[in-house]
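The chain contents come next:
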Amino acid sequence: MAPWPEVDKPETNNYIGDSSKQNQNMAGKEGENHKGNVASLGNKVEIQPAFSTIALIDETRQEEDPWALPELQDTGVKWSELDRKGKIIRVLYGIGKFIMLLGLLYLFVCSLDVLSSAFQLVGGKAAGDIFKDDSVLSNPVAGLVIGVLVTVMVQSSSTSSSIIVSMVSSTLLTVQSAIPIIMGANIGTSVTNTIVALMQAGDRNEFRRAFAGATIHDFFNWLAVFALLPIEVISGYLYHLTNVIVESFHLESGEDAPELLKVITDPFTKLIIELDKSVINAIATNDESAKNKSLVKVWCITETNVTLQNVTIPPSENCTSSELCWSEGNVTWTMKNISETEYITKCRHLFAETDLPDLAIGLILLALSLLVLCSCLVMIVKLLNSVLKGQVASVIKKTINTDFPFPFTWLAGYLAMLAGAGMTFVVQSSSVFTSAITPLVGIGVISIERSYPLTLGANIGTTTTAILAALASPGSTLKYSLQIALCHFFFNVSGIILFYPLPFTRLPIRMSKSLGNITAKYRWFAIFYLLICFFLLPLFVFGLSLAGWPVLLGVCLPLLALFIAVIVINIMQTRRPHSLPEKLQNWDFLPIWMHSLEPWDNMIMSSLAFCGKHCCGFCKCCKVNAEQEGAKDNQLKTMEVYENTIAMADEERGVRRAPAAACVEKTGTNNTAL
């Protein structure tokens, strides 16, 4: 096929019209000789110059926005075309899918609960040991990263908060020192939905949206900490504000806080495992006897009796009252309250009779809960894809993502925030709520812009639950638990004031979209991000904090200054490159591995390919994925190939010198894409 010279705006209709005219002219002169045909074609029909079809295709094809919500088309038979039997079957199918969706959601929430218990069995005692060093906890930066690490290890911010309340009430920790730990716990609790987003890595665009929707929570928490922790260290505004509120009320211990979701999930999860969380609190409060105790609860119903008994004491001990002490020969007696525990009923969970250590039980539960979690999530996504199509999907999208008309456009976000807070209050966990909306963001039902206020509402909802739980605390810990819960609440409210009301302050949306684009192209980067943000970086800062303030500041301040400088230069390279020196207008002066992920991607992919040769299953999986992606690329390339009928006719006449009538037949019937 002859190459076409490039033009700015080729007029495709003219060529099509001229081609039909040529066909008519050539057909009309079919009876003439070959020489006459060539002459008439040369004189009467002006062959239009050939142009590249690539220009025609590129002009009509618009670049797709990867963040645009996909249209979930209904590929089935329309409701109006079904007979009575078909309509009944479709209704029964819909009811069955809804029941199956509820069952999968129930298993999903239960697996999150078991996952939390597994993490506590694996790292609960280590988390208690971390809290023992009060000299480190007095450092706000160390307290922050300890809050992150402990919450990641126990997979529950409520467990971290209960440990902190126990330490504050036992005077091992002050409220001022506990506030940075609460901020860290707020960051650590967002790791769950980030792990859930990894389960949607099979589809590139779904993974882009799901990972961005999950990490928007991370970015908000990190930005809020970076902005508010220095203010709290300098001014102590959270401590003073909550102290005034607590002191202004005459508080009394109330009834137990409502546990709405636990009522449904506990009957199932207690058949799998039950934990004695008081052991972690005892280790954190320097109770040496708790180190040898197991976290697995064996006796579910016990009764403690306190009796006054005569006991012997060493002569060197001082008696509190001379009337309670007496001597008989060389032995000194006194009267003390002795607690005796009577074990009544054993627990009925799977590990009540086992002799396995806590670590082994935790690893077994960790593997099983992750398997159930992944399976439920995959089936939930497939079920939602089959249900949310056509009119149902459009109604849900419009309900969730549509803004109010001007001038009340801003109101929709705050209503979404209230909805997120209410749903989180119902399920009693921000991790459960954010993990549940992550697959909805991935399949395109909820937009990133709408998931942001929903996530902020989840942050508020989990703090209101903590406030209710604090109000139900016993009198000895009521004040401290309520003050810490209020600190958590006002910290999230302050973060929302900083990073939501004005559109240009909604930095987490832009940051999560950038990270989503990176992870969609390099999917291994998602695991790298998870390890860096929630494990390696907190461990690195914690290790520096053990060495003292001079080492911590000497290492972290230059790194922080370099990080801020790189961000500023990147922004200026995008918006005002001419304001920078010529060398800083791009990063080409650095080695490519320092400013591009391509070399790292090639290295990791080659390593995985090498490992795949020694692992049959992995190799087959990779081969199947590679073949699928290759097939998609070939399909796209094939769709871009078009035949130019005039150029082909010209080529046929020039090479084969066929009769004009033959040219008419060939050019007139071949007007479609290959």
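In this text the structure is predicted, and so the values were computed from the model without any measurement. (Residues numbered from 1 in each chain as written. Predicted model: local features only at pLDDT ≥ 70, side-chain atom pairs only at ≥ 80, totals over all residues. Heavy atoms only, no water.)

Undergrad: Describe the environment of Phe404, with residues and values.
TA: Here Phe404 shows up in the loop between helix H15 (391-401) and helix H16 (411-427). By relative accessible area, Phe404 is classed as partly exposed at 36%. The residues touching Phe404, leaving out its near neighbours within four places in the chain, are Thr409, Leu411, Ala412 and Leu415. (Helix = DSSP H or I, 4+ residues; strand = E, 2+ residues; numbered from the N terminus. Buried < 20%, exposed > 50% of the residue type's maximum accessible area, 1.4 Å probe, protein only. Contact = heavy atoms within 4.5 Å.)

Undergrad: Describe in detail the nonpolar core, supporting the description with residues and values.
TA: The nonpolar side chains of soluble globular proteins are, as a tendency, buried together. Ile273 and Leu365 are the most contacted members of the largest nonpolar core, which has 108 residues in total. Here the element with the most residues in this core is helix H10 (residues 204-235); it accounts for 14 residues. The residues contacting Ile273, other than those within four sequence positions of it, are Ser117, Leu121, Val296, His349, Phe351, Ile361 and Leu365. By size, the runner-up hydrophobic cluster in this structure holds six residues, among which are Val246, Ile467, Leu482 and Leu486. (Core = buried A, V, L, I, M, F, W, Y, C linked by side-chain atoms within 4.5 Å.)

Undergrad: Can you tell me about helix H21 (residues 524-546), naming the residues and giving the values?
TA: Taking 1.5 Å per residue, 23 residues should reach 33 Å; H21 reaches 32 Å between its end C-alpha atoms and fits that length. In H21, a bend of some 45° at Ile532 exceeds every other bend along the element. The complete set of buried residues in H21 reads Trp524, Phe525, Ala526, Tyr529, Leu530, Cys533, Phe534, Pro538, Val541, Phe542, Leu544 and Ser545. Two residues or fewer past H21, Gly548 is found with a positive phi of approximately 110°. (Expected span 1.5 Å × (residues − 1). Bend = angle between axes of the 7 residues up to and from the residue.)

Undergrad: Any details on helix H6 (residues 140-154)? Residues and values, ideally.
TA: Taking 1.5 Å as the rise per residue, H6 with 15 residues should run 21 Å; its terminal C-alpha atoms sit 21 Å apart, in good agreement. Extensive coverage of H6 is indicated by the burial of 13 of its 15 residues. Between the side-chain oxygen at the start of H6 and the backbone nitrogen of Val141 there is a gap of 3.1 Å, and the oxygen is on Asn139. A positive phi of about 55° marks Gln155, the residue just after H6. (Polar contact = N/O pair within 3.5 Å; in protein donor to acceptor, adjacent residues only side chain to side chain.)

Undergrad: I'd love a proper account of the packing of aromatic side chains, names of residues and values included.
TA: By the definition in use, this model includes 14 aromatic pairs. Judged by centre distance (5.7 Å) and plane angle (50°), the ring pair of Tyr452 and Tyr500 falls under tilted. Of this pair, Tyr452 sits in helix H18 (residues 448-471) while Tyr500 is found in the loop between helix H19 (478-499) and helix H20 (507-521), placing the two residues 48 residues apart along the sequence. Accessibility assignment for this pair places Tyr452 and Tyr500 in one class, buried. Arranged with centres 5.4 Å apart and planes meeting at 40°, the rings of Phe525 and Phe528 form a pair that is tilted. In this pair, Phe525 and Phe528 are both assigned in helix H21, three residues apart and thus about one turn of the helix distant. What links up through ring pairs into an aromatic cluster is the set Phe207, Phe211, Phe219 and Tyr529. Taking the ring centre of Tyr500 as reference, the NZ or CZ of Arg506 above it sits at 4.2 Å. (Phe/Tyr/Trp six-rings, centres within 6.5 Å; stacked < 30°, edge-to-face > 60°. Lys NZ or Arg CZ within 6 Å of the ring centre and 35° of its normal.)

Undergrad: Pulling in residues and values, what's your account of the packing of H21 against helix H22 (residues 549-575)?
TA: Where H21 contacts H22, the axes come no closer than 7 Å and their chain directions differ by 145°. Across from Phe540, Val541, Leu544 and Ser545 in H21, the residues of H22 making contact are Val551, Leu552, Val555, Cys556 and Leu559. (Axes fitted to C-alpha atoms, helices over the stretch in contact; angles between N-to-C directions.)

Undergrad: Let's hear about the pattern of salt bridges: which residues, and what values?
TA: What the rule picks out here adds up to four salt bridges. Salt-bridge contacts for Glu353 lead to Lys346; the nearest nitrogen and oxygen are separated by 3.3 Å. For Lys346, a relative accessible area of 32% gives the class partly exposed. Glu598 is the partner of Lys521 in a salt bridge, and the nearest nitrogen-oxygen pair spans 3.9 Å. You can see Lys521 sitting in helix H20 and its partner Glu598 sitting in helix H24 (residues 598-613), a full 77 residues away along the chain. (Salt bridge = Lys/Arg side-chain N within 4 Å of Asp/Glu carboxyl O.)

Undergrad: Can you tell me about a nonpolar patch on the surface, naming the residues and giving the values?
TA: Taken together, the side chains of Trp549, Leu553, Leu557, Leu560, Phe563, Ile564, Ile567, Val568 and Ile571 define a hydrophobic patch exposed on the protein surface, amounting to about 830 Å² of accessible area. Relative to the assigned elements, Leu553 resides in helix H22. (Patch = residues over 30% accessible without salt bridge, like charges linked within 9 Å, V, L, I, M, F, W, Y side chains within 5 Å. Areas by Shrake-Rupley, 256 points an atom, 1.4 Å probe, with all protein chains shown as cover.)

Undergrad: Describe the side chain of Thr194, and please don't skip the residues or the numbers.
TA: Tracing the sequence through the fold places Thr194 in helix H9 (residues 191-197). Assessed through its relative accessible area of 0%, Thr194 is described here as buried. In this structure the side chain of Thr194 is engaged in a polar contact, spanning 3.1 Å, whose partner is the backbone oxygen of Ser190. Residues in contact with Thr194, not counting those within four places in the same chain, are Phe211, Ala214, Thr215, Asp218, Tyr529 and Leu530.

Undergrad: I'd like a description of the side chain of Ser190, backed by residues and values.
TA: Positionally, Ser190 belongs in the loop between helix H8 (175-188) and H9. Residue Ser190 is classed as buried on the basis of its relative accessible area, which comes to 0%. Polar side-chain contacts of Ser190 include one of 2.7 Å to the backbone oxygen of Ile187.

Undergrad: Residue-level account of the environment of Val296, with values.
TA: Here Val296 is to be found in the loop between helix H13 (278-284) and strand S1 (299-313). The spacing of Val296 and Val279 is 17 residues in sequence and 9.7 Å in space, taken between C-alpha atoms.

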